[in-house]
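# Coordinate inspection notes
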Amino acid sequence: MVGAGGIGCELLKNLVLSQYGEIHIVDLDTITLSNLNRQFLFRPKDIDKSKSLTVVKAVEAFNYHNTKLVPHHGNIMDTNQFPIAWWDQFSYVFNALDNLEARRYVNKMCLFLKKPLMESGTTGYDGQVQPIFPYYSECFECQAKATPKTYPVCTIRSTPSQPVHCITWAKEFLFHQLFDESSSTVTTEQSKEQQRKKLEEETNDKQEIENMLKESNELSELRQLIKAPELDDRKQFIHRTIIKIFKVDIERLLRIDSLWKTRVKPVPLQFDESYAHELSSLLSDKANENIINRDTQVWSLVENLYVFYKSSENLQKRLNESETFVSFDKDDEDTLNFVVAAANIRCSIFNIEVKSKFDIKQIAGNIIPAIATTNAIISGFSSLGALSFYKSQVENNDFGNILSDSSTVFVSIRPNKYITSASLVGPGDQCPSCSLSRGLLNLNEDELNTWTLKDLVDKLIHSYGYNDDVSIILGQSKLIYDFDFDDNLDKKLSEINGFRNGELLLVQDEDDILENMELYINTAPVDSSNLPIIKLRPKKQNVGIPEENEEDQYKEIITQDDAIMIEDEEELIINDNEDSESKKRKAEPLEANGKKFKV
Ligand SMILES: Nc1ncnc2c1ncn2[C@@H]1O[C@H](COP(=O)(O)OP(=O)(O)OP(=O)(O)O)[C@@H](O)[C@H]1O
Ligand SMILES: [Zn+2]
């Protein structure tokens, strides 16, 4: 079971009561206060303890069947802690995760080893459980997943029109440039050039580009003030930041006529003229610190200036006393207060609705509500769904017979549609994961040190029937061999940088006739080195590669953009802006109170 959070706690309870023989539990995290409302196996005394170790102790009280429980505190993607041989011991994998990256990884491992995987996810009242039988049914990647919404740079930097634009500006641009790790680089000539190129992709307006570059440079000058050697300079930091970002930058924007032909013009903040006095009187009374705690009320402009001042002061202090940089974290009050105040002041300038700290926290922190009941229902289906696998006799990874006994299950609060199911369908033709063949490349120490890359290429060509030549990519994107690049051919495998246990090799047919193949390098003690026995299928054209996004921290399978619309009893349509005909699947309502759960 991967993940011991909201779904994981419920699921482990179900699995333990279902009389499983041995269950391993993996989680990388420790328990926080905010987990306790739904992760019912944890208590206040457990805060800061490892989730995996704690759940195991918690279920001992009702471990009536003496299930052997093995906790692992660690990241499931860590190939040292969890090498492929470790994965291979399991008969079934349950996901109870909260992010796409780890889900994709587990999905891939199950495809390598042909292990059945029960994938589950919830968002508020919506939830989904999907049994995955590698290469027999759709995998986690067969349906494209919604990626977080991004906004054009120009909207964020020059022409915001919604609160979210100002929040994104405050968090990802302003906060980042002033306090976070990598921003000081903007001053080097090379990085300025990179920045310019990036902006040129976004807009043709030369004046706007020059303006944005100037803004960034000035911010990096302000950043220098935070730790300036002279006290007088350090004291200038907050005032000069306010004047620059809320007055000077806005006045400069107003001089670009092209931006305001069809838009309402922003109004620069007249700080010294109108607000400086009011702000200093707020600052002079300690009792006003209460403003910061009124998080469900909308603050006035001067109150936002007060919070801006206070949070900047704290951040400046932290940077001078102990920290080298500060990253935004919704639970770090100083960073949240800064972003709330800066976003709201910018909203006032651009005539956009101002929001409460509570509301901005949800948006800036990408908070998705987690509901204990939905987690409990989904975990119930997850554990029940696995039973059909144990009841049937699966041999040689032939899952053909169980497919008709398994379904994807959806829950929601739509009236009369609490629970719906859909039959499993085969792997998608365009799926970037299923359309590859996979296997283990077992290498023992001897071969690793004696085989050259040329030996490996020759073996690949002979073993899999390539017509001519192949190309090989190591890890994410490192080309180690192709027809035009043979520098590594005479190197021993162990001499190639990054060629190590747990890394992946993508082998592609230069003739484009056979499908791609992904090999998992396994150097854990093996008797003899060998290539997997795989019969490569003809290559399918136009296989989509998923768009990777660093911020893929989505919690759920179903998002607003990927909503489930249940049109009638018979049909279930996943609407993710793709051809909806191709997404139609047969749905079977479950009997909610009878025994005929078909999961
Ligand atoms: N790569 C990973 N390896 C191991 N465990 C992971 C990995 N990624 C996520 N998890 C775990 O999956 C669990 C998901 O649970 P849940 O969705 O309830 O999130 P949470 O982090 O507990 O809650 P919240 O995000 O609301 O604080 C978490 O306990 C998290 O630590
Ligand atoms: Zn797939």
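Worth saying up front: this structure is predicted, and the values here are computed from it rather than measured.

What counts, and at which threshold
Residues numbered from 1 in each chain as written. Chains lettered and ligands numbered in written order. Predicted model: local features only at pLDDT ≥ 70, side-chain atom pairs only at ≥ 80, totals over all residues. Heavy atoms only, no water. Helix = DSSP H or I, 4+ residues; strand = E, 2+ residues; numbered from the N terminus. Buried < 20%, exposed > 50% of the residue type's maximum accessible area, 1.4 Å probe, protein only. Contact = heavy atoms within 4.5 Å. Areas by Shrake-Rupley, 256 points an atom, 1.4 Å probe, with all protein chains shown as cover. Donors = N, O, S within 2.8 Å, 3.2 Å for Na, K, Ca; no water. Tetrahedral: all angles 85-135°; square planar, octahedral: opposite > 155°, others 65-115°. Domains from an automatic or database assignment. Salt bridge = Lys/Arg side-chain N within 4 Å of Asp/Glu carboxyl O. Expected span 1.5 Å × (residues − 1). Polar contact = N/O pair within 3.5 Å; in protein donor to acceptor, adjacent residues only side chain to side chain. UniProt positions renumbered as here; feature names shortened; annotations may be inferred. Core = buried A, V, L, I, M, F, W, Y, C linked by side-chain atoms within 4.5 Å. Pairing = 2+ DSSP bridges. Axes fitted to C-alpha atoms, helices over the stretch in contact; angles between N-to-C directions. Patch = residues over 30% accessible without salt bridge, like charges linked within 9 Å, V, L, I, M, F, W, Y side chains within 5 Å. Lys, Arg positive; Asp, Glu negative; His and termini not counted. Charge placed at Lys NZ, Arg CZ, Asp CG, Glu CD. pLDDT = per-residue confidence, 0-100.

What follows covers the overall build of the protein chain. Helices and strands together make up the secondary structure of the protein chain, namely 16 helices and 15 strands. Going through the 599 residues of the protein chain one by one, you find that 52% of them count as buried. Restricting to contacts in the protein chain with at least 6 residues of sequence separation, those with at least 24 account for 66%. Accessible surface, the protein chain: about 29400 Å² in total, of which carbon and sulfur atoms supply 47%.

Take the coordination of the zinc ion (ligand 2) next. Within the first shell, the zinc ion (ligand 2) binds the protein through Cys139 (SG), Cys142 (SG), Cys431 (SG) and Cys434 (SG), at distances of 2.2 to 2.3 Å. Seen from the zinc ion (ligand 2), its 4 donor atoms lie at angles of 100 to 121 degrees, and the figure they make is tetrahedral. Assessed through its relative accessible area of 3%, cysteine 434 is described here as buried.

Domain boundaries assigned for the protein chain yield domain 1 (6–147 + 369–423), domain 2 (153–365) and domain 3 (437–522). Centre-to-centre separation of domain 1 and domain 3, based on C-alpha positions: 34 Å. Contacts between domain 1 and domain 3 engage 9 residues on the former and 11 residues on the latter. One can count 1 salt bridge joining domain 1 with domain 3. Here glutamate 518 ties to lysine 108 by a salt bridge, and the two come within 3.5 Å at their closest N and O atoms.

Let us now look at helix H8 (residues 206–226). Here H8 is 21 residues long and its end C-alpha atoms lie 31 Å apart, about the 30 Å a rise of 1.5 Å per residue gives. Sitting at the amino-terminal end of H8 is aspartate 205, which places a side-chain oxygen 3.2 Å from the backbone nitrogen of glutamine 207.

According to UniProt, the feature "domain: Ubiquitin-activating enzyme SCCH" (unreviewed entry) maps to residues 294–361 in the numbering used here. With 63% helix and 0% strand, residues 294–361 has its two end C-alpha atoms placed 13 Å apart.

Okay, the nonpolar core next. Trp169, Phe179, Phe246, Leu269, Phe308 and Phe338 are the most contacted members of the largest nonpolar core, which has 56 residues in total. Those elements that provide at least two residues to this core are helix H6 (163–179), H8, helix H9 (231–254), helix H10 (271–283), helix H11 (301–321), helix H12 (333–349) and helix H13 (357–364). Among the elements that take part in this core, H12 stands out by supplying 10 residues, more than any other. Counting residues in each nonpolar core, the second largest holds 34 residues, with Ile23, Ile31, Leu69 and Val129 among its members.

With that settled, the discussion passes to the sheet that holds strand S9 (residues 470–474). Strand order in the open sheet formed by 5 strands is S8-S12-S11-S9-S10, with mixed pairing between adjacent strands. Each edge of the sheet is formed by a strand with only one pairing partner; in this case those strands are strand S8 (437–442) and strand S10 (478–481). Taking the axes of each pair of neighbouring strands and ignoring which way they run, one obtains an average angle of 30 degrees across the sheet. Contacts from helix H16 (residues 453–464) reach S8, S9, S10, strand S11 (504–509) and strand S12 (517–522), with the element oriented near 125 degrees to S9.

To continue, consider a negative patch on the surface. Together, Asp468, Asp484, Asp486, Asp487, Asp490, Glu510 and Asp511 make up a region of like negative charge exposed at the surface. Inspection of the secondary structure puts aspartate 490 in the loop between S10 and S11. By relative accessible area, which is 63% here, aspartate 490 ends up exposed.

We now examine helix H4 (residues 100–113). Taking 1.5 Å per residue, 14 residues should reach 20 Å; H4 reaches 20 Å between its end C-alpha atoms and fits that length. Inspection of H4 places Leu100, Ala102, Arg103, Arg104, Tyr105, Val106, Asn107, Met109, Cys110, Leu111, Phe112 and Leu113 among the buried residues, and these make up the whole buried set. Looking one or two residues beyond H4, the residue adopting positive phi is lysine 114, at roughly 55 degrees.

Turning to the confidence of the model for the protein chain, a few remarks are in order. On average, residues of the protein chain score 87 in pLDDT, and 88% of them reach the 70 mark or higher. In the predicted structure, residues 544–599 sits below a pLDDT of 50 and forms 139 contacts with residues beyond four places in sequence or in another chain.

Moving on to the pattern of salt bridges. One pass over the structure, following the stated rule, counts 30 salt bridges. Between lysine 68 and glutamate 22 there is a salt bridge, and its shortest N-O distance comes to 4.0 Å. Placement of the pair is lysine 68 in strand S2 (residues 68–73) and glutamate 22 in strand S1 (residues 22–27), with a sequence separation of 46 residues. Across the salt bridge formed by lysine 539 and aspartate 512, the nearest N and O atoms sit 3.0 Å from each other.

Below, the discussion takes up unusual backbone geometry. One non-glycine residue, glutamine 19, adopts positive backbone phi at about 70 degrees. When you line up the elements, glutamine 19 lands in the loop between helix H1 (6–17) and S1. For glutamine 19, a relative accessible area of 55% puts it in the exposed group. The backbone of asparagine 396 sits at a positive phi, close to 50 degrees, despite the residue not being glycine. As for its position among the elements, asparagine 396 is in the loop between helix H14 (372–391) and strand S6 (407–411).

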